[in-house]
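Chain residues, written in single-letter form:
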Amino acid sequence: LSLDTFTPGNLHISKPAPCIRRMRWPAWRHGRFRLLMKRERRVLASRRSVRFVAASRRKLAKLRTLLLERLLQGYEPTPELASILLVYLVQGVLGLARLATVFYFKDELKLSPSQLAMLSGVQTLPWTIKPLYGFLSDAVPLFGYHRRSYLSLAGALGAASWLGLATWAHTPAQALLCSTLASLAVAISDVVADGLVVERVRENSQERAGSLQSLCWGISAFGGLVTSYFSGSLLERFTPRQIFLMTATFPLMISTV
């Protein structure tokens, strides 16, 4: 409304002024604007995704460099290296059943300390003839392989031995047989893994000659440290035979790899 005149006692109101219409874009301009905005959002999203992928690749490259240089001592992760490290890891992890074996011989089989010492001495006999296993693996291939077949055989023999302790052994003679075969399996796998380490060391420079051996012993020590605690805590919750059954799964990992 507009004020036309103002006099005392008289207020004259003129007709309403015409309203200014709101300017509107054509529909095609609105559609084009929305299409441009969608395209801009897609471009920005694609740029963000490219930057994210590039950053992820850089992080993976740094992690791979750290893994190779610090943990694997510069060695490329190959199936052969994995089998070697797994053999040493299983050697350390098998300490999981060491405490259960002592309680099994002492409580269930009722062996005296002298008998237990004698059994422990017999179990170490396979380790005294380790050169024989090395000669056999070098000179007598099994199924066309010098290393792979012996590792698979050792893993299967170890799993069967621990499974026998868990289910079949009820006399001292049976327990002695199973435990000695388990020790034999570990000795064979150790000799074969040592042979693989020697072959790989010869292919590398003299500066890196001891890095692979230190890596292998470090992996074995890590497995022993991890199981040194769990061997006691598991024995509080499970019976020795149940722990033997758990231990039987680790030698199968050697055969699998």
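Everything here concerns the structure above.
Not measured: the values here are computed from a predicted model.

Draft legend 1. Spotlight on the overall build of the protein. The helix and strand inventory of the protein stands at 11 helices and 2 strands. Listing every helix and strand of the protein by position from the N terminus yields β-β-α-α-α-α-α-α-α-α-α-α-α. Partitioning the contacts of the protein with sequence separation of at least 6, the portion at a separation of at least 24 is 75%.

Draft legend 2. Broad picture of the packing of helix H3 (residues 98–108) against helix H9 (residues 211–237). At a minimum axis separation of 8 Å, H3 and H9 run at an interaxial angle of 45°. The orientation of H3 relative to H9 falls into the category oblique. Across the interface between the two elements, Leu99, Ala100 and Phe103 from H3 touch Ser231, Gly232 and Leu235 from H9. In the contact of H3 with H9, the residues fall into 4 nonpolar, 2 polar and no charged.

Draft legend 3. View of the packing of aromatic side chains. All told, the structure shown has 5 aromatic pairs when counted by the stated rule. Summarising the aromatic geometry, the rings of Trp162 and Phe244 are spaced 5.7 Å apart at their centres and angled 40° between planes, so their arrangement reads as tilted. Here Trp162, found in helix H7 (residues 148–167), pairs with Phe244, found in helix H10 (residues 240–247); they are 82 residues apart in sequence, far enough to count as distant. Aromatic side chains Tyr229 and Phe230 sit 5.4 Å apart centroid to centroid with 75° between the ring planes, which places their arrangement in the edge-to-face category. The exposure class of Tyr229 is exposed, given its relative accessible area of 60%. When its relative accessible area of 40% is taken as the criterion, Phe230 is described as partly exposed. Ring pairing ties together the aromatic residues Tyr104, Phe105, Trp162 and Phe244, which thus form one cluster.

Draft legend 4. View of the side chain of Thr247. Its location among the elements puts Thr247 in helix H10. In this view, Thr247 contacts Leu94, Leu96, Ala97 and Trp162; residues no more than four positions away in its chain are not counted.

Draft legend 5. Quick peek at the environment of Gln213. Within the element layout of this structure, Gln213 appears in helix H9. For Gln213, a relative accessible area of 26% gives the class partly exposed. For Gln213 and Val197, which are 16 residues apart along the polypeptide, the C-alpha to C-alpha distance reads 7.1 Å. Dropping the residues within four chain positions of it, Gln213 is found in contact with Tyr88 and Val197.

Draft legend 6. The pattern of salt bridges, seen in detail. Scanning all chains against the criterion turns up 6 salt bridges. Salt-bridge contacts for Asp190 lead to Lys130; the nearest nitrogen and oxygen are separated by 2.7 Å. Pair noted here: Asp190 is in helix H8 (residues 172–203) and Lys130 is in helix H6 (residues 130–139), with a separation of 60 residues, a long-range link. Since its relative accessible area comes to 22%, Lys130 is described here as partly exposed. One salt bridge connects Arg147 with Glu199, and the closest N-O pair in it is separated by 3.0 Å. Taken together, the residues Arg147 in the loop between H6 and H7 and Glu199 in helix H8 connect sequence positions 52 residues apart. Relative accessible area serves as the criterion here: at 34%, Glu199 is assigned to the partly exposed category.

Draft legend 7. Structural view of H10. Listed in full, the buried residues belonging to H10 are Pro240, Arg241, Ile243, Phe244 and Thr247. Down the axis of H10, the buried set is contained in an arc of 160°. They therefore lie on one face.

Draft legend 8. Looking closely at the nonpolar core. Ranked by internal contacts, the top residues of the largest apolar core, which has 47 residues, are Tyr104, Phe105, Trp162, Leu165 and Phe244. For Phe244, the residues in contact, after removing those within four places along its chain, are Ala97, Ala100, Thr101, Tyr104, Trp162, Leu165 and Ala166.

Draft legend 9. Geometry of H3. Within H3, the full set of buried residues consists of Ala100, Thr101, Tyr104 and Phe105. Down the axis of H3, the smallest arc covering the buried residues is 130°, so these residues share one side. The inward-facing, buried residues of H3 contact helix H4 (113–123), H7, H8, H9 and H10. Just past H3, the residue Lys110 takes up positive phi, approximately 60°.

Draft legend 10. Inspection of a nonpolar patch on the surface at higher detail. Where nonpolar side chains cluster on the molecular surface, the patch consists of Ile129, Leu132, Phe135, Leu136 and Val140 and spans about 430 Å² of accessible area. Assessed through its relative accessible area of 43%, Leu132 is described here as partly exposed.

Rules used throughout
In this numbering scheme, every chain counts its residues from 1 along its sequence in written order. Reporting in this predicted model follows two pLDDT cut-offs: at least 70 for local features of residues, and 80 or more for side-chain atom pairs to be given and counted; totals over whole chains, interfaces and linings ignore these cut-offs and use all residues. For side-chain calculations, the full set of non-hydrogen atoms in the structure is used, while hydrogens and water are omitted. Elements are defined by DSSP. Helices are runs of H or I of four residues or more, strands are runs of E of two residues or more, and each kind is numbered from the N terminus. Here a residue-residue contact requires only that any non-hydrogen atoms of the pair lie within 4.5 Å. Axis geometry follows a simple rule: fit a line to the C-alpha atoms, using only the stretch in contact for helices, then measure angles between N-to-C directions, giving values from 0 to 180 degrees. Our angle categories are set so that under 35 degrees counts as roughly parallel, over 145 as roughly antiparallel, 65 to 115 as roughly perpendicular, and the remainder as oblique. Following the grouping adopted for this structure description, the nonpolar residues are Ala, Val, Leu, Ile, Met, Phe, Trp, Tyr, Cys and Pro, the charged ones are Asp, Glu, Lys and Arg, and the polar ones are all others, Gly among them. Only centres within 6.5 Å qualify two rings of Phe, Tyr or Trp (six-membered ring in Trp) as a pair; their planes then separate them into stacked at under 30 degrees, edge-to-face at over 60, and tilted for everything else. Only protein chains enter the accessibility calculation, which uses a 1.4 Å probe; a residue is then buried when its area is under 20% of its type maximum, exposed when over 50%, and partly exposed in between. Salt-bridge detection follows one rule: a side-chain nitrogen of Lys or Arg within 4 Å of a carboxyl oxygen of Asp or Glu. The arc refers to the directions leading from the helix axis to the C-beta atoms. Here, nonpolar core refers to any group of buried Ala, Val, Leu, Ile, Met, Phe, Trp, Tyr and Cys residues whose side-chain atoms link them within 4.5 Å. In this analysis, a patch consists of residues with relative accessible area above 30% that form no salt bridge, clustered at 9 Å for like charges and at 5 Å for the nonpolar side chains Val, Leu, Ile, Met, Phe, Trp and Tyr. Accessible surface is estimated by sampling points in the Shrake-Rupley manner with a 1.4 Å probe; for residues, cover comes only from the protein chains shown.

In short, geometric facts, not functional conclusions.
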